[in-house]
Amino acid sequence: MNLEAESLSEKTGQLLTGEITDISEGGCRLEFPSLIPVVKGSVMDVSFTLPDNQSIEHMQCTAVSTNYSYAYRRTQFGLSFSGPGYRS
């Protein structure tokens, strides 16, 4: 599954565009085409649209893991959904 997503870091205020490559009821894996320094425990605000066109906006998430691919200059975050998101 590849869903386009936007993420806003609460600490830096930086808006990032990436892809959700895996999603479940409790969290997701978010991948970015660049190296992004995020530490475990960081809080992020994530927005995306599900395959049924349901829009999830401002879902509060906590980074539970990070994985960096220096060769491909990519970053993956394992995120746990930690707060409500607005659905439209």
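Whatever comes next refers back to the structure up there.
Residues numbered from 1 in each chain as written. Predicted model: local features only at pLDDT ≥ 70, side-chain atom pairs only at ≥ 80, totals over all residues. Heavy atoms only, no water.

Engineer: When you look at the pairing of strand β4 (residues 43-49) in this model, what are you seeing that I'm missing?
Structural biologist: Where a strand is regular, its side chains alternate between the two sheet faces. Judged by how many residues are buried, β4 sits mostly within the fold: five of seven residues are covered. In terms of strand pairing, β4 meets strand β5 (residues 55-69) through six bridges, oriented antiparallel. Residue pairing across strands places Val43 opposite Thr62, the latter belonging to β5. Linking β4 to β5, which pair antiparallel, is a turn of five residues; within it Asn53 sits at a positive phi near 70 degrees. (Buried < 20%, exposed > 50% of the residue type's maximum accessible area, 1.4 Å probe, protein only. Helix = DSSP H or I, 4+ residues; strand = E, 2+ residues; numbered from the N terminus. Pairing = 2+ DSSP bridges.)

Engineer: When you look at the environment of Leu79 in this model, what are you seeing that I'm missing?
Structural biologist: Structurally, Leu79 can be placed in strand β6 (residues 74-81). By relative accessible area, Leu79 is classed as buried at 4%. With 13 residues separating them in the primary sequence, Leu79 and Thr66 have C-alpha atoms 9.0 Å apart. Setting aside residues up to four positions removed in sequence, Leu79 forms contacts with Gly26, Gly27, Cys28, Leu30, Met44, Val46, Cys61, Thr62, Ala63 and Val64. (Contact = heavy atoms within 4.5 Å.)

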